[in-house]
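# Residue-level structure breakdown
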Amino acid sequence: MARLTRRRLLQAGATASVAGIPLAATAQSPAPRRGGTVTVALVQAPPSLDAQLTSAQVARDINLHMYETLYARDENAGVVPDLAQGADVSKDGMTYVFALRPGVKFHNGKTMDAKDVVASLERFRKIGLASILLSGVDTMEASGPLEVTVRLKKVQSNFLDTLSSPGTPLAIYPAEEAVKDPKDFKFIGTGPMKFVEYAPDSHATLERFADYVPNPNYTKRDGFAGRKEMFIDRAIFRFMPESGARTAAIKTGEVLINETTDGPTAKQLGGDPSVQVLKLLPFALQIAKFNHSQAPCDDVNFRRAVTACLNAEETMEIAFPDIYKLDGGLVYGYSPYYTKAGTELYNQNNQAKAKEFLAKSKYKGETLTFIVDNTRPPMDTATDLKEQLGQIGIKIDIKVADWPTVSTLGFKPEGWHFWTHGLGIEPYEGPAKLMSIWANGISQTKDDPNIDKLYADLLAELDMDKRKAIFAQFQTYMYENAVVIPLGNYGMFQVVSSKIKNFVPYRIPRLWGTWLEA
Amino acid sequence: MGHFIVRRLLISVPVLVLVSLMSFAVIWLVPGDPAAVFLDASATPQQLAQVRHQLGLDEPFHLQMLAWYGRILHGDLGRSILLNRSVTAAIIERLPVTLSLTALSLVFAVVMGVVAGLLAAMRHGGWADQSIMVLALIGLSVPEFWLGLMLIFAFAVRLHWFPAGNFVPINESFAGWWQSMALPAFTLAAVQMGFIARMTRSAMLEVLHQDFIRTANSKGLPWSVVVTKHGLPNALVPILTVIGIVTGGLLGGAVVVEQVFSLPGVGRLVIGAVLSRDFPVIQGTLLFVAVIYLLINLIVDVLYAVVDPRVRLE
Amino acid sequence: MPWSIRGCALSSIAAPIDPPTNWLHAAARLTVPVLRRLMHNRSFVLGASLVLFVALIAIFADVLAPYDPLRSNFRARFVAPNAEHWFGTDHFGRDLLSRVIYGGRVSLTIGFFVVVVTGIAGTTIGALAGYFRRLDNPLMRLMDALMAFPAILLAIVISAVLGASIINVVIALSIATSPHTARIVRGSVLVVREMEYVEAGRALGASDLRLLFGHVLINALAPLIVRLTYVFAIAILAEAVLSYIGVGPPPPTPTFGNIIAGERDFLETAPWTMIFPGLAIVISVLGLNLLGDGLRDVLDPRMKL
């Protein structure tokens, strides 16, 4: 998630799309038209345009137009080849031999080969933000001009999930760029758009990469993979934190895509023929975490009292008006791993039961600390939870700070009891990523051997059905022990000018496959 | 005079040292971790440590401070963690926006403030005087960011007269620049307008009560000629001084107004840096802004001294 | 910032009134004729009425607020102003009038404490610097350094550093407003300490402290009162800015500023959620500014603006 939380991007959410809008609906559109400039309003500036160095949502919005990965995710987050043709996995699951797609051009004119891939992955392993993703890799080598062989240290069932993660993308750069000091990196990738300029606090400009060859293995746009055909010549991503300013800009036509707006505004714009209001739901899973190192949150009865009490609908409606879905699943509904296991304990809204648990718990009326970052939806979530828990006698003090402060404090064992934020990319990426949040006690600040074992089992299990069973067990465990409070999925309203054709909301405002009406 | 300026400059040296020390030290009190900016909520402490190391944030205080002084003495404000560029470059890129915003609002504030003040003075005690003074006082009492939001609501969202937050550099298109700057500059000028109007009025009133004005008046010159030919030049000195002070105030106000109108200026740079813990940018911009402030104060003091020789002896 | 400006102007001239001989004398001398003059000053009367109006509402918030300002009702969100909810409701379905009333209480409390802390810190620093020669340079250079930062920027940075809370907002704003106040006090003290009657007191063996409090400080009182009135106004404006930037007092406790900040995503759909609290700020600050102008005219006629 991330920083999506920061600056009401959060409210944003994205893909539900997938679930909701059939791709076929757009198939009847008239022939695509080439040309034109599209301005996209984003809620904040990206921390970096070097895809390997950031996991921020806003950075992804821009970067995934410029860079590609060996494997990527399709519309339903399934793992499919992108820059790779495919991979041969040895029986023991320890060796992956990747065949690369021939004729892939970098923005500097060079053709991609195995050396570029190895150099990029080595760069990621060394300085990539999520270098830990490659910690299970033993060796990587260019075993042919278009062949890369990777040996793992031990079985890792989620290795391709990792390679295809859009979170901190394992983007492929030209070898000569990959070895440079990252300060001098020239933002060169293989994607359908290439870098033009970056005006700090104002905008980033990309243009169509003329030599881009859409992946011949696919016939249609599909998630972050598939056929990426670029019709638009130029894209300007403007950073506009004020939601009113974004709305005004789309009304006047200064921008053609507004990444996110709130429910009431979306309703108002609904009748305006010059725009399309699109829903992206789910984009993220809103959760409230317990700090298991601090009394009384270390007490399962206290945690159960809290989860029994809560009315998730009220919280979601206030924090994410008209753009939420009450769903207790810890991965998104379209994932093959989605399960309802344990979710009878979601959204209980049962004060009587809550009071029973509370009486059994060690809570003695002390005031507990709820930390939250200073963007509206999470603050609203905290405010409403405080109000609801106050009704069964739990006293809460809300402590607000900026994201860096809160997210540092939130992994420490002292100084907080509750913390709420969204998980955007984790439920999208699947069980391994999601479970890693609580593995080794990271998010609850106290080791839970049961969770650690389930996580290890999942990583060692190569059979899909068995992995599904493990994940269902995990979800049940999370609910029964009230490890965390899942509040529901939220999404975002995207506003797109009617001049833009064939736009389908996804986790980022994808520009490939769309075109501008004459 | 030269002597006065030298002395005034010497006083600035310890202040500069203190200012630079404060700029550097403030971020050490910050609990937040700039490394967290790069990470999402599922980042592990190991990942954090790794990023901290890459950013050089794990070195002890005194080493980082020495490095900071070493750099600023060479005019280098360090390198932004988030922006992938030097702090100096980041400031210089944004400076034209802040300067043009400040300059335009200064024009608004001075023209409208002086005219309103003159009018009020000429109609002293009358209906026009009172309404102008009430308006000026209201201007002084309105929060800038709220006024900005109201103007966006009225003129951008409802009436569509102005765009909202699509900054156009002046060298790209003057009309576009004017469109994107008019509302923010007016917002910023509203407070200062009130201030200048009040100052102009009281300076004019003081002058108009003096003998030579009465004499000019009794000679039968039209009142408007008396005011503009004889009154205004004599009230100009305090008005000019106020304009110097106002310029400093505009810089502070720009911090907030840039935020409201999404203008890519120095104010947004520093607020963004504060909220994302971009340490080098916080330190660098604080120092930069403080130095500009000190310079403006210096100029104001020198102006005073030029105008009123007694100041030099103090 | 509007306010640093007012500060600059105020600080540039700080004239003492004639030397009173002791507290009682001074008090009597100040009160009777001064009060009479204040009552004839239109700015003062209007400002005092506005401030009294706002203060009474804040004090009697419990009685006056029609609803609980924290009670949400998610079935009645974004209700436009009507007979039941004069100011409408916000996105939690909370009654906005009640929130503005209680918000006024918190904002005025913040302003009040900023005045107290600034008054104490500014007087202490200014008096020490003005009276004890050796302290003058170091203290005033420190104040100069603090004043080199735009006050609002200083407050934002300090508040972000300390963490968002009511107390930290008070601390941040006090640090931002104290230096000017100290400078004003120092100015008055400097003039008075060289006057004959203080010299005489010293010759008669009066202690420094006694002289400082008994004679010198009393003369700084008039400019100090005027300045602190403006500080009150500044604090209310600045609290709103801090909330807007995201470093103000945390929810759910309403303040003028965080009501606006919490609703700004809904500017287009529910403009009343921003218009009313904004007007409340304007009225409060206007009252204080009028009051300050009136006090200045009467107490310290040589100060300009």
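Residues numbered from 1 in each chain as written. Chains lettered and ligands numbered in written order. Predicted model: local features only at pLDDT ≥ 70, side-chain atom pairs only at ≥ 80, totals over all residues.

### Concerning the overall build of chain C
Broken down by element type, chain C carries 12 helices and 0 strands. Ordering the α and β elements of chain C from the N terminus gives α-α-α-α-α-α-α-α-α-α-α-α. For chain C, the residues scored as buried account for 61% of the 305 residues in total. Nonlocal contacts in chain C, meaning residues at least 24 apart in sequence, comprise 73% of its contacts between residues at least 6 apart. (Helix = DSSP H or I, 4+ residues; strand = E, 2+ residues; numbered from the N terminus. Buried ≥ 20, exposed ≤ 12 C-beta atoms within 10 Å, placed from the backbone. Contact = placed C-beta atoms within 7 Å.)

### Some words on the nonpolar core
Counting 346 residues, the largest nonpolar core has Met435 of chain A, Ile196 of chain B together with Leu154, Ala155, Ile156, Val157 and Val241 of chain C as the members making the most contacts within it. Broken down by element, this core gets its largest block of residues, 24 residues, from helix 10 (residues 208–245) of chain C. Excluding residues that lie within four positions of it along the chain, Met435 of chain A makes contacts with Leu454, Tyr455, Leu458 and Phe474 of chain A. (Core = buried A, V, L, I, M, F, W, Y, C linked by C-beta atoms within 7 Å.)

### Describing the interface of chain C and chain B
Think of interface size as the accessible area that goes away when the parts come together; that is how it is often given. In this complex, chain C contributes 42 residues to the contact, which on the side of chain B involves 44 residues. It is helix 12 (residues 272–299) of chain C that provides the largest number of residues to the side of chain C that touches chain B, a total of 8 residues. Of the residues assigned to the side of chain C that touches chain B, the class counts are 32 nonpolar, 5 polar and 5 charged. (Nonpolar A, V, L, I, M, F, W, Y, C, P; charged D, E, K, R; others polar.)

### Points about unusual backbone geometry
Following Leu281 of chain A, the chain continues to Pro282 of chain A via a peptide bond in cis, the omega torsion being 0°. Pro251 of chain C connects to Pro252 of chain C through a cis peptide bond whose omega is 5°. Structurally, Pro252 of chain C is set in the loop between helix 10 and helix 11 (256–263). Phi angles above zero are rare outside glycine, and Phe187 of chain A is one such case at about 55°. When you line up the elements, Phe187 of chain A lands in the loop between helix 5 (175–178) and strand 8 (193–199).

### Re the packing of helix 8 (residues 300–309) of chain A against helix 10 (residues 351–360) of chain A
Residue and element names in this part refer to chain A. The contact between helix 8 and helix 10 brings their axes to 8 Å, and the two run at 165°. By the angle between their directions, the pair helix 8 and helix 10 is classed as roughly antiparallel. The chirality of how helix 8 crosses helix 10 is left-handed. Judged by residue contacts, Asn301, Phe302, Arg304, Ala305, Ala308 and Cys309 of helix 8 engage Gln351, Lys353, Ala354, Phe357, Leu358 and Lys360 from helix 10. Its residues placed into classes, the contact of helix 8 with helix 10 shows 7 nonpolar, 2 polar and 3 charged. (Axes fitted to C-alpha atoms, helices over the stretch in contact; angles between N-to-C directions. Parallel < 35°, antiparallel > 145°, perpendicular 65-115°, else oblique. Left-handed = near helix turned anticlockwise from the far one by under 90°.)

### Examining the pairing of strand 4 (residues 84–89) of chain A
Residue and element names in this part refer to chain A. In this sheet, strand 5 (residues 95–100) lies alongside strand 4 in antiparallel orientation, the contact comprising 5 bridges. Looking at the pairing, Asp88 lines up with Val97 of strand 5. Two successive antiparallel strands, strand 4 and strand 5, enclose a turn made up of 5 residues, where Gly93 displays a positive phi of approximately 75°. (Pairing = 2+ DSSP bridges.)

### Structural notes on the sheet that holds strand 4 of chain A
Residues and elements named next belong to chain A. Spatially, the 4 strands line up as an open sheet ordered 4-5-7-6, and their pairing is antiparallel. The open sheet has two edge strands with one neighbour each: strand 4 and strand 6 (137–144). The mean angle between the axes of side-by-side strands here comes to 20°, regardless of whether they run parallel or antiparallel. Of the pairings in the sheet, the one linking strand 6 to strand 7 (residues 147–152) comprises 6 bridges and is antiparallel in character. Its bridge partner lying in strand 7, Val137 is registered against Leu152.

### Focus: the confidence of the model for chain C
Any segment with low pLDDT has predicted coordinates that should not be analysed in fine detail. All names here are of chain C. Mean pLDDT for chain C: 83, with 87% of residues reaching 70 or above. Low confidence marks residues 1–20, where pLDDT is under 50. Its contacts with residues over four positions away, or in another chain, come to 58 contacts. In the predicted complex, the global pTM is 0.81; the interface-specific ipTM is 0.85. (pLDDT = per-residue confidence, 0-100.)

### Section: the pairing of strand 7 of chain A
Residue and element names in this part refer to chain A. Sheet topology places strand 5 next to strand 7; 5 bridges connect them, and they run antiparallel. By the bridge assignment, Ala99 is partnered in strand 7 with Glu147. Between strand 6 and strand 7, which pair antiparallel and follow one another directly, the connecting turn spans 2 residues.

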